[in-house]
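For reference, the chains in residue letters:
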Amino acid sequence: DTASPFTGSVVAFARQDVGVPGDPLDDTWHAVAELELAPGVEPFAGMGRSLAVSADAVAVGAPFAGADDFAGRVYLFDREDQGTPDAGDDTFGFAQELAGSSFILAHFGESLALDGERLAVPQRLWQFPPNKGTNVMVFERAGGVWSLAHTLEAPDPQVADGVGGGVGLDGSLLVTGASGAEYQDDWSPADGAAYAWDLDRPATWEPDALALGQPWPVLGGWGSLEPGSRFGLRSY
């Protein structure tokens, strides 16, 4: 937006199957909607830096939104299917704005993961002097309203551990990257780690009771990583 620089917006495109049925090479793409907030979010909000899409919702990250704290926001849009096979006539309406913990420059919305009725949003908690790392806020939708359900952080939090730098959500399984975790000293890089949570566990679940005696959820795998082979992960 030239009147409000780097505010950002999102354009939705629909694919139309034309020509040979089932052949994607001759399909066409058409812009069907622009997702924006009127009269618009703040300048430099960066709306559209991250995106997550489900069947009936679109989550848009704006990691520098917030006139007072630049902490970031996430904007939810409802996708309304008009009942025809053509996605080009779907409509998108603004539904809700989500905010994090209002830490300055928290980058809330820098990355997102959306699956069904759950949305995971990481944020930084760095302050001056820095005394905290990052966490992941999990929102759940009920009755059309998104509300905070969980706030997750590494059981051994470190400054700049990067929990949530990469985030993936599949049903109740939430996996986050933490590229700055396992930091030892200034002479060697952090080893990095990945954490997994089962969001359907009861609130009394203690992660340090898991297998192998580790103080965080553990992933077990099966199969081979060779191309074309099957591989699976399970948290336990």
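All values derive from a computational prediction rather than experimental measurement.

Definitions and limits used
Residues numbered from 1 in each chain as written. Predicted model: local features only at pLDDT ≥ 70, side-chain atom pairs only at ≥ 80, totals over all residues. Heavy atoms only, no water. Helix = DSSP H or I, 4+ residues; strand = E, 2+ residues; numbered from the N terminus. Buried < 20%, exposed > 50% of the residue type's maximum accessible area, 1.4 Å probe, protein only. Contact = heavy atoms within 4.5 Å. Areas by Shrake-Rupley, 256 points an atom, 1.4 Å probe, with all protein chains shown as cover. Patch = residues over 30% accessible without salt bridge, like charges linked within 9 Å, V, L, I, M, F, W, Y side chains within 5 Å. Salt bridge = Lys/Arg side-chain N within 4 Å of Asp/Glu carboxyl O. Pairing = 2+ DSSP bridges. Axes fitted to C-alpha atoms, helices over the stretch in contact; angles between N-to-C directions. pLDDT = per-residue confidence, 0-100. Core = buried A, V, L, I, M, F, W, Y, C linked by side-chain atoms within 4.5 Å. Phe/Tyr/Trp six-rings, centres within 6.5 Å; stacked < 30°, edge-to-face > 60°.

Tallying secondary structure elements over the protein chain gives zero helices and 15 strands in all. Each of the 236 residues in the protein chain was classed as buried or not, and the buried ones make up 36%. Residue pairs at least 24 apart in sequence account for 40% of intrachain contacts in the protein chain once pairs closer than 6 positions are excluded. On the protein chain, roughly 13200 Å² of surface is accessible, and the fraction owed to carbon and sulfur atoms is 55%.

This next bit is on a nonpolar patch on the surface. On the surface, Val11, Phe13 and Trp29 cluster together into a nonpolar patch covering about 340 Å² of accessible area. Relative to the helices and strands, Val11 resides in strand S1 (residues 10-16).

Bringing the sheet that holds strand S9 (residues 134-142) into the picture now. Across the sheet, which stays open at both edges, the four strands sit in the order S7-S8-S9-S10 with antiparallel pairing between neighbours. The sheet terminates laterally at strand S7 (113-115) and strand S10 (145-152), the two strands that pair on one side only. Each strand axis lies, on average, 25° off the axis of its neighbour in the sheet, ignoring direction.

Bringing the confidence of the model for the protein chain into the picture now. Keep in mind that low pLDDT regions are not for reading the predicted coordinates in detail. Averaged over all residues, the pLDDT of the protein chain equals 77, while 69% of them reach at least 70. In the model of the protein chain, strand S15 (residues 231-235) stands out as the element of lowest mean pLDDT, 62, in contrast to S7, which has the highest, 95. Segment residues 202-215: pLDDT under 50, and 16 contacts once partners within four positions in sequence are set aside and those in other chains are kept.

Membership of the largest hydrophobic core comes to 14 residues, with the highest contact counts inside it found for Ala59, Val74, Leu98 and Leu119. Residue assignment for this core shows that the elements contributing at least two residues are strand S4 (57-62), strand S5 (73-80), strand S8 (118-124) and S9. Apart from residues no more than four positions distant in its own chain, Leu98 is found in contact with Arg73, Val74, Leu76, Phe108, Leu119, Phe139 and Trp146. The next biggest cluster of nonpolar side chains, apart from the first, holds 13 residues, and it includes Ala12, Val58, Tyr75 and Phe77.

Pairing of side chains with opposite charge becomes possible as their charged atoms draw close. Overall, the coordinates contain nine salt bridges when judged by the stated rule. We note a salt bridge from Glu97 to Arg73, for which the minimum N-O separation is 3.3 Å. Here Glu97, found in strand S6 (residues 91-99), pairs with Arg73, found in strand S5; they are 24 residues apart in sequence, far enough to count as distant. Residue Glu97 is classed as partly exposed on the basis of its relative accessible area of 44%.

This part takes up the packing of aromatic side chains. Throughout the structure, instances matching the rule amount to three aromatic pairs. Each ring, one from Phe77 and one from Phe94, has its centre 5.7 Å from the other, and the planes form 70°; the classification is edge-to-face. Of this pair, Phe77 sits in strand S5 while Phe94 sits in strand S6; the two residues are 17 residues apart in sequence, bridging distant segments of the chain. Phe94 gets classed as partly exposed once you look at its relative accessible area, which sits at 44%.

Bringing the sheet that holds S6 into the picture now. With antiparallel pairing, the four strands of this open sheet are ordered in space as S3-S4-S5-S6. Only two strands of the sheet have a single neighbouring strand rather than two, namely strand S3 (50-53) and S6. In this sheet, neighbouring strand axes are inclined to one another by 20° on average, regardless of whether the strands run parallel or antiparallel. Examined bridge by bridge, S3 and S4 share four bridges and lie antiparallel to one another. Pairing of Ala52 across the sheet is with Ala59, part of S4.

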